[in-house]
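# Survey of secondary and tertiary structure
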2 protein chains.
Amino acid sequence: MSPSAEEVRSSSEFAELLEILGTVADLHAASAVLHWDQETQMPPGGATDRALALSTLARLGHETLVQPRVGELLARLEGRTADLPYDSFEASLVRVTRRHYQRAIKIPARLAAELAEAASLATDAWTRAKAANDFGAFAPHLERNVRLVREVADCIGYAQHRYDALLDEYEPGMTLDDIRPLFARLKDRLVPLVRAIARRAEAVDDAVLHQGYDEAGQWRLTVEVLRAIGYDFQRGRQDRSAHPFTTSFGPGDVRVTTRIDPNDFSSALYSSIHEGGHALYEQGIPEALRRTPLFDGASLGIHESQSRLWENVVGRSRAFWRFLLPKAQAIFPEQLGRADAETLYRAVNRSQPSEIRTEADEVTYNLHIFLRLEIEDDLLEGRLSVADLPDAWNAKMEAYLGLRPRDDAHGVLQDIHWSHASIGYFPTYTLGNILSVQFYEQACRERPEIPDAIEHGDFAPLLSWLRERIHVHGAKLTPQELVQRVTGGPIRIEPYVAYLERKYGELYGL
Amino acid sequence: MSPSAEEVRSSSEFAELLEILGTVADLHAASAVLHWDQETQMPPGGATDRALALSTLARLGHETLVQPRVGELLARLEGRTADLPYDSFEASLVRVTRRHYQRAIKIPARLAAELAEAASLATDAWTRAKAANDFGAFAPHLERNVRLVREVADCIGYAQHRYDALLDEYEPGMTLDDIRPLFARLKDRLVPLVRAIARRAEAVDDAVLHQGYDEAGQWRLTVEVLRAIGYDFQRGRQDRSAHPFTTSFGPGDVRVTTRIDPNDFSSALYSSIHEGGHALYEQGIPEALRRTPLFDGASLGIHESQSRLWENVVGRSRAFWRFLLPKAQAIFPEQLGRADAETLYRAVNRSQPSEIRTEADEVTYNLHIFLRLEIEDDLLEGRLSVADLPDAWNAKMEAYLGLRPRDDAHGVLQDIHWSHASIGYFPTYTLGNILSVQFYEQACRERPEIPDAIEHGDFAPLLSWLRERIHVHGAKLTPQELVQRVTGGPIRIEPYVAYLERKYGELYGL
């Protein structure tokens, strides 16, 4: 007879595996604190020491995970958990650990450490290069990152494309051959929409956002909105950083950052809501999964579905502005005292090709991703060199969005990802966009009260649905399994495209 | 023939030792970042995850240091470095590593990890217990810390007193039998001075400090003073915390904290100068010692000599106030516009028995230390239980300082040290006080221009002397060796007592 879940859990092998995974998780958490500090607090002189420390933590985390004992424990526990329910803690832990282990053992510890150190130094160099608009200062770091990432991909191996080996880390089970047709169909629908909007560009005005909004007031509003949607400041905090991000050190400490632009009222607000969406996911993962690989999102695409759901589907809706406007007016009576919710709703949904991805509207956003995916694939396959990257970037911007960035700081240097040596990450943004609408529509089918509640500033019905249907699983399910469970089918672009066509058709009178 | 320093340095054994010590240093640096974050940034919910992560980092650091390979490498390198100059990098590294190693191998990894976890949880509990004035909430944590620390002392072993095993970590080579007679002689000289001052208590007035000083202005002044004395903000930052401290993550990132009391102008100012003194020491240790046990102060007593030198000998001098007053007046024209330097000099040197150690004046400060030393010894030897601690504290406060703390928050709960499981640490404060005067007088003998330079806001002559005579050695020398080298003799209380009698005799007209 197969052992019960309780028998597995109380076995010495399971306890030993948990202990090892706890060490790995603690090392990851420590690295996350060091990264957070690096991007929000660290003085310039700290870069060298920080890179060395991060490299050591990465190496030790890697060494701890790939020790042969983990393979032995997994082999023993796989037999014993085979008959347990698929999403039981025990079966899920063994299954997901196996996936991490199989990936990790292919990467030499030396390479993992070198990558961590290179990424930390490159992040520091990127920050300064972006500020100085000096791609040349960043180029050697990027070259090193690309070289190391190619090495990683070749260690891991792939059937079709080098890209697949990297994508799989962020989006388990997905390949370039899955993504390309999905993105191609999306592009076919988006390009006519972008063109139609361009012909009616003057139909939406966002002047209301650019009246000058002091930083302290914007900060207060972001905190108020984060609280409203359910972000728990007892288990997190918000800070400022060059590039907004969310990071988790465990169930009790999930932090967000934002950036504030006095000349753009929407920048801080939507950065905070976006990161707040990520943070609600992390804060919603059950504490019982703490210090295991199950204490994580299902994938970056699923993670992004949460941030984009809150940022766009909720935050850029009419209902949301009916809730938010009085609060924004209380902070900015001069700028907003006579504005109405419709004006704000229209302003924050203005669609226009622009140079900065994170500030792109919902329609043009994905074009930025298509561009990055193609460039990453070209870099990996050696069809493009780092030296030629700025020109390639600008040419593609021209082709996709009809504009040339004013400089590299607003072009090829705008994103932090490549400095982190994160290649294969960008497509998850578009997957998240697609899923945000699929999930939201499913939520509204199951809980029709959601839209009305949002208008009244009650986000609990939506959040509790997300908690129960998505967050509760942590990383137990693959993204495909999760989408199937939640929506009853695979990822589909149609709801997303229909949402965009409906929303922008109405906004622009198409 | 013995190998040269270059031959040792290029040997594979030396490289291997450096690599291991680098890992230990990186783990310590990561712990330091996590501690800093815990005390300045962490949301309340983060305590559990943080304690687990710190425990793992401590365990891994310990395991890395005590691996048998370190013993083998040391044994081989000791022979080869025996004829090298005593403070060569190679000989010092082997000698100091041996000391750390011999201590660490006596402590089981399980105990090191448990201690780190207990300390992190206790620090969190202490913060809340102090705020709530609830000793009972902290007591179980303190009991656990005392139990674990006793266990550590018994693992390490000692000739005379359990206390010696702990003191040795902070003050290598010192024992209770060294300290007691030194402190007894100091007490004999301080008690009459305290009594004489008490009879002339009204001679010094500090009303100027208590006029209400807004926090932003105080903050600006502390930053200005830190810059003036030579603290490098490119390689550090200042934050606020409940208990001011200095922490180093390496030569490029040495941070200080302060606390601000709007009703006491001197609190933030002298906290910042004190921590600034510690930080100047850390920022002055040569980069070449990075990631080794030599990248440290010689001892906590030597460290404290630096902080007290800047805080008291410099910062509470007439010369310093002639420099600082115009800067303080520019920030607080209303409160200080008509004050003179003499008024400030007298106010910041007012001596009066008080309940809080960190805010005690130079004369009464050491009485706080004598009390703590006795209590710690009693706790370790089992002559005092944690339950009886508040009563014992209050009785000793009455006996030494003639007052009873208003409550436990201002009594037994005031210091963070016991929550960190740091027992045996307090005597180093008095050692630092004694040495601060010994060092300063030596500096003035060698560089007579120092006092005049201070009056003109030029701290470079003093700082460069400290750099060249003290900071440059890092942890190569023991405190006794360093004091001998710098002053030509052992630690002596006479210069310190003479300084106090002269200064306070004049202030109080004794």
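How each quantity is defined
Residues numbered from 1 in each chain as written. Chains lettered and ligands numbered in written order. Predicted model: local features only at pLDDT ≥ 70, side-chain atom pairs only at ≥ 80, totals over all residues. Heavy atoms only, no water. UniProt positions renumbered as here; feature names shortened; annotations may be inferred. Helix = DSSP H or I, 4+ residues; strand = E, 2+ residues; numbered from the N terminus. Rg over C-alpha atoms; globule rule 2.2 N^0.38 Å. Buried < 20%, exposed > 50% of the residue type's maximum accessible area, 1.4 Å probe, protein only. Contact = heavy atoms within 4.5 Å. Buried area = accessible area lost by both parts, 1.4 Å probe. Salt bridge = Lys/Arg side-chain N within 4 Å of Asp/Glu carboxyl O. Polar contact = N/O pair within 3.5 Å; in protein donor to acceptor, adjacent residues only side chain to side chain. 1 Å grid on protein atoms, 1.4 Å probe; cavity = no way out; pocket = protein on both sides within 12 Å on 5 of 7 lines; lining within 4 Å. Points joined across faces, edges and corners; volume = space filled by probe spheres on them. Nonpolar A, V, L, I, M, F, W, Y, C, P; charged D, E, K, R; others polar. Domains from an automatic or database assignment. Core = buried A, V, L, I, M, F, W, Y, C linked by side-chain atoms within 4.5 Å. Pairing = 2+ DSSP bridges. Axes fitted to C-alpha atoms, helices over the stretch in contact; angles between N-to-C directions. Parallel < 35°, antiparallel > 145°, perpendicular 65-115°, else oblique. Left-handed = near helix turned anticlockwise from the far one by under 90°.

- The name an unreviewed UniProt entry gives chain A is Metal-dependent carboxypeptidase, with Geochorda subterranea as the organism.
- According to the UniProt record, the Function (unreviewed entry) comment for chain A reads "Broad specificity carboxypetidase that releases amino acids sequentially from the C-terminus, including neutral, aromatic, polar and basic residues."
- As its UniProt record puts it under Catalytic activity (unreviewed entry), chain A is described as follows: "Release of a C-terminal amino acid with broad specificity, except for -Pro."

## Observations regarding the overall build of chain A
- Broken down by element type, chain A carries 22 helices and 3 strands.
- The C-alpha atoms of chain A give a radius of gyration of 23 Å, which matches the 24 Å a tight globule of 510 residues would have.
- Overall, the C-alpha framework of chain A stretches about 70 × 55 × 45 Å when taken along its three principal axes.
- Counting across all 510 residues of chain A, residues that qualify as buried make up 62%.

## Structural notes on the interface of chain A and chain B
- Listed by partner, the interface residues are 38 residues for chain A and 38 residues for chain B.
- Buried surface at the junction of chain A and chain B, summed over both partners, amounts to about 2,800 Å²; 55% is from carbon and sulfur atoms.
- In terms of surface lost to chain B, no three residues of chain A exceed Gln41(A), Pro43(A) and Asp49(A), which account for 18% of the buried area on that side.
- Applying the counting rule to chain A against chain B returns 6 salt bridges.
- The closest approach of N and O atoms between Asp37(B) and Arg255(A), which form a salt bridge, is 2.7 Å.
- In this structure, the connection of chain A to chain B is made through 16 residue pairs in polar contact (both at pLDDT 80 or more).

## Here we look at empty space enclosed by the protein
All names here are of chain A.
- Tallied over the entire structure, the rule returns 3 cavities of 30 Å³ or more.
- Here the largest cavity is characterised by a volume of approximately 40 Å³.
- What lines the largest cavity is simply Arg-308, Asn-312, Val-313, Glu-362, Asn-433, Ser-436, Val-437, Tyr-496 and Tyr-499.
- Going through the elements one at a time, helix H12 (300–314), helix H18 (427–446) and helix H22 (494–508) are the ones with two or more residues in the lining of the largest cavity.
- The residue inventory of the lining of the largest cavity, partitioned by class, reads 4 nonpolar, 3 polar and 2 charged.

## Overview of the domain arrangement of chain A
Residue and element names in this part refer to chain A.
- Segmenting chain A into domains produces domain 1 (5–157) and domain 2 (176–508).
- Distance from the C-alpha centre of domain 1 to the C-alpha centre of domain 2: 26 Å.
- Buried surface at the junction of domain 1 and domain 2, both sides included, amounts to about 3,600 Å², of which 66% is carbon and sulfur.
- Broken down residue by residue, the surface that domain 1 buries against domain 2 is led by Trp-36, Trp-126 and Phe-135, which jointly contribute 20%.
- Asp-26 is paired through a salt bridge with Arg-291; the nearest N and O atoms lie 2.5 Å apart.
- Applying the counting rule to domain 1 against domain 2 returns 14 residue pairs in polar contact (both at pLDDT 80 or more).
- Secondary-structure elements contributing two or more residues to the side of domain 1 that touches domain 2 are helix H2 (12–40), helix H5 (89–104), helix H6 (109–131) and helix H7 (135–156).
- Among the elements that take part in the side of domain 1 that touches domain 2, H2 stands out by supplying 12 residues, more than any other.

## Here's the deal with the nonpolar core
- Core analysis: the biggest nonpolar cluster contains 156 residues, and Phe265(B), Trp310(B), Trp321(B) and Leu462(B) have the highest contact counts within it.
- Each of domain 1 (5–157) and domain 2 (176–508) of chain B accounts for three or more of the residues forming this core.
- Beyond its immediate chain neighbours, meaning those up to four positions away, Trp310(B) contacts Ile229(B), Ile273(B), Gly277(B), Leu280(B), Gly315(B), Phe459(B), Leu462(B), Leu463(B) and Leu466(B).
- Core analysis: the next-biggest nonpolar cluster, separate from the first, contains 155 residues, Val8(A), Leu142(A), Val254(A) and Leu367(A) among them.

## With respect to the sheet that holds strand S2 (residues 246–248) of chain B
Residue and element names in this part refer to chain B.
- Across the sheet, which stays open at both edges, the 3 strands sit in the order S1-S3-S2 with mixed pairing between neighbours. Single-partner strands in this sheet number two, and they are strand S1 (238–240) and S2. Here the strands of the sheet are splayed against their neighbours by 25 degrees on average, with no regard to which way each runs.
- Its contacts with the sheet place helix H2 (residues 12–40) against S1, S2 and strand S3 (254–258), and it is angled at close to 45 degrees to S1.

## So, the sheet that holds strand S3 (residues 254–258) of chain A
Residue and element names in this part refer to chain A.
- The mixed open sheet is built from 3 strands, whose spatial order is S1-S3-S2. With one partner strand each, in any of the chains shown, strand S1 (238–240) and strand S2 (246–248) form the two edges of the open sheet. Going from strand to strand, the sheet's axes swing by 25 degrees on average, the running direction of each strand aside.
- Bridge count between S2 and S3: 3 bridges; the pairing is antiparallel. Looking at S3, one finds that Thr-246 is bridged to Val-256.
- Sheet strands in contact with helix H10 (residues 215–229) are S1 and S3, and its direction is about 150 degrees off that of S1.
- Packed on one face of the sheet, helix H11 (residues 265–284) meets S1, S2 and S3 and runs near 165 degrees to S3.

## Some details on the packing of H18(A) against helix H21 (residues 479–487) of chain A
All names here are of chain A.
- Orientation of H18 relative to H21, taken along the N-to-C sense of each, is 30 degrees, at an axis distance of 10 Å. Classified by the angle their axes make, H18 and H21 are roughly parallel. Between H18 and H21 lies a crossing of left-handed hand. Here Leu-435, Gln-438, Phe-439, Gln-442 and Glu-446 of H18 come into contact with H21, specifically with Val-483, Val-486 and Thr-487.
- Residue composition of the contact of H18 with H21, grouped by class: 4 nonpolar, 3 polar and 1 charged.

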